[in-house]
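Structural features, examined
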Amino acid sequence: MNIQLQKSQQGFTLIELMIVVAIIGILAAIAIPAYQDYTVKSKVSEGPSLASPALTAGGVACSEQVLGPTGGATNATFGLNPAASISGKYVKSVTITSTSTSSARVTIAYKTIGTSVDADQTVEYRGTCTPGSGMQWATGTPSNNPTSFFGSVAPKYQPKS
């Protein structure tokens, strides 16, 4: 009787392991920068949260038609705390100004956020007051140029209008 024993393959070959490692490396090379951008954008989003009282105050001033009194309006005119006292972990200050009866600006100044946002870089909301319709806020000019944003923070980190 002639019995032949067959060995079954166990484990993976070196080539198969190298292919898996290469695929993981490619996925990591794509995912890590995307994740870093995401974390910076989430930190920048603290600004609009802290600026919401200023945006609301601008809207109220628009509806009451008291936007932009003589000499210009600032945080105190809108009933808000001084700019530097409206701050957070990543936000240095929030300022609202108005020099006309039809517009206002809310400027959010940031502290340093990693290597992506330098100290004192800004995101700016520009409001247009239309009597009877209220205040319309925008962080950029999407109708004219979708890549143009107000402020100095890179557009990919700025909040959407």
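Here we summarise the structure given alongside this text. Sequence order as written defines residue numbering, which begins from 1 separately in each chain. Local features are withheld for residues below a pLDDT of 70 in this predicted model, meaning they are given only at 70 or higher, and side-chain atom pairs are given and counted only at 80 or more; totals for whole chains, interfaces and linings count all residues. Working from all heavy atoms in the structure, the side-chain values ignore hydrogens and water.

**A look at the nonpolar core**
Grouped burial of nonpolar side chains is what soluble globular proteins tend to show. For the record, the criterion: Put simply, buried Ala, Val, Leu, Ile, Met, Phe, Trp, Tyr and Cys residues joined by side-chain atoms within 4.5 Å make one nonpolar core. Throughout, exposure labels follow a simple rule: accessible area from a 1.4 Å probe, protein chains only, divided by the maximum for the residue type, with under 20% read as buried, over 50% as exposed, and the rest as partly exposed. Only DSSP runs of H or I with at least four residues qualify as helices, and only runs of E with at least two residues qualify as strands; both kinds are numbered from the N terminus onward.
Ranked by internal contacts, the top residues of the largest apolar core, which has 29 residues, are V44, L67, F78, V94, V106 and Y110. When residues of this core are traced back to their parent elements, those giving at least two are α1 (14-44), α2 (46-63), β1 (91-100), β2 (103-110) and β3 (122-130).

**Regarding the pattern of salt bridges**
In plain terms, the rule: Definition used for salt bridges: Asp or Glu carboxyl oxygen within 4 Å of a side-chain nitrogen of Lys or Arg.
Taken as a whole and assessed by the stated rule, the structure comprises four salt bridges. Between D120 and K92 there is a salt bridge, and its shortest N-O distance comes to 2.6 Å. A residue pair is termed long-range when its members are at least 10 positions apart, and D120 in the loop between β2 and β3 and K92 in strand β1 qualify at 28 residues. The residue E124 makes a salt bridge to R126 at a minimum N-O spacing of 2.6 Å. Shared partners join several salt bridges into a network, and the residues in it are R105, E124 and R126.

**Structural notes on a nonpolar patch on the surface**
How we decide: Note that patches include only residues with greater than 30% relative accessible area and no salt bridge, and the join distances are 9 Å for like charges and 5 Å for nonpolar side chains (Val, Leu, Ile, Met, Phe, Trp, Tyr). Accessible surface is estimated by sampling points in the Shrake-Rupley manner with a 1.4 Å probe; for residues, cover comes only from the protein chains shown.
Taken together, L14, I15, M18, I19, I23 and L27 make up a surface patch of nonpolar side chains, about 640 Å² in accessible area. You can call I15 exposed: its relative accessible area is 56%.

**Some points on the sheet that holds strand β4 (residues 134-138)**
The criterion, for reference: Any two strands with at least two DSSP bridges between them are considered paired. Fitted lines through C-alpha atoms serve as axes, helices being fitted only where they are in contact, and the angles separating the N-to-C directions of these axes extend from 0 to 180 degrees.
Taken together, the four strands give an open sheet; going across it, the order is β1-β2-β3-β4, and neighbouring strands pair in antiparallel fashion. Looking along the sheet, the strands with just one partner apiece sit at the ends: β1 and β4. When the angles between neighbouring strand axes are averaged without regard to direction, this sheet yields 20°. Where β1 meets β2, seven bridges bridge the pair, whose relative direction is antiparallel. Counterpart to S93 in the pairing with β2 is A109.

**Focus on the packing of aromatic side chains**
Applicable threshold: Only Phe, Tyr and Trp rings are paired, with Trp represented by its six-membered ring, and only when their centres lie within 6.5 Å; those with planes under 30 degrees apart are stacked, over 60 edge-to-face, the remainder tilted.
Applying the stated criterion to the full structure yields one aromatic pair. With centroids separated by 6.5 Å and ring planes inclined at 35°, the aromatic side chains of Y35 and Y38 adopt a geometry described as tilted. One end of the pair is Y35 and the other is Y38, both in helix α1 and three residues apart, which spans about a single turn. Like Y35, the residue Y38 is exposed in the burial classification.

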